[in-house]
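# Analysis of the macromolecular model
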Amino acid sequence: MRENAVEANICRQVKALGGVAWKWISPGRQGVPDRICILPGGRIIFVELKRPGRGDGRSPAQKKVFGILERLGCTVWRIDDGNDFHQRLIDIGAITLEPAT
């Protein structure tokens, strides 16, 4: 799977929850995550997308920005799989699983 396919999958998931997944471009600042996902209720998640199977893959600038955002209390995820993103949304309570009946 290509990085843009993972990105499209994540955007669909966020939209299905009623949120937005905006592309983040910050002139003059290298290393910002690819997407700002804003979910209902005000939860904001910064997402750096990577091609599956490439290890960490973050540049030194990306690692620095991750650290800055995390020290500020932000949620920052490195994602290379739409299923991983979905599971993380479940883990933080953004998606609730209906009990089987």
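Parameters and conventions
- Residues numbered from 1 in each chain as written.
- Predicted model: local features only at pLDDT ≥ 70, side-chain atom pairs only at ≥ 80, totals over all residues.
- Heavy atoms only, no water.
- Phe/Tyr/Trp six-rings, centres within 6.5 Å; stacked < 30°, edge-to-face > 60°.
- Lys NZ or Arg CZ within 6 Å of the ring centre and 35° of its normal.
- Core = buried A, V, L, I, M, F, W, Y, C linked by side-chain atoms within 4.5 Å.
- Buried < 20%, exposed > 50% of the residue type's maximum accessible area, 1.4 Å probe, protein only.
- Helix = DSSP H or I, 4+ residues; strand = E, 2+ residues; numbered from the N terminus.
- Contact = heavy atoms within 4.5 Å.

Counted according to the given criterion, the structure contains two aromatic pairs. For the pair Trp77 and Phe85, a centre-to-centre distance of 5.7 Å together with 75° between the ring planes defines the contact as edge-to-face. The lysine or arginine in question, Arg58, covers the ring of Phe66, its NZ or CZ lying 4.4 Å from the ring centre.

Right, let's get into the nonpolar core. Core analysis: the largest hydrophobic core is formed by 15 residues, its most contacted members being Ile10, Cys37, Val47, Ile79 and Phe85. The set of elements that each furnish at least two residues to this core consists of α1 (3-16), β3 (44-49), β4 (75-79) and α3 (82-91). When residues no more than four places from it in sequence are discounted, the contact partners of Cys37 are Ile10, Val14, Val20, Ala21, Arg43, Ile44, Ile45, Val47 and Phe85. Val65, Phe66, Leu69 and Val76 belong to the second largest nonpolar core, which has six residues in total.

All quantities given are derived from atomic positions and should not be read as evidence of function.
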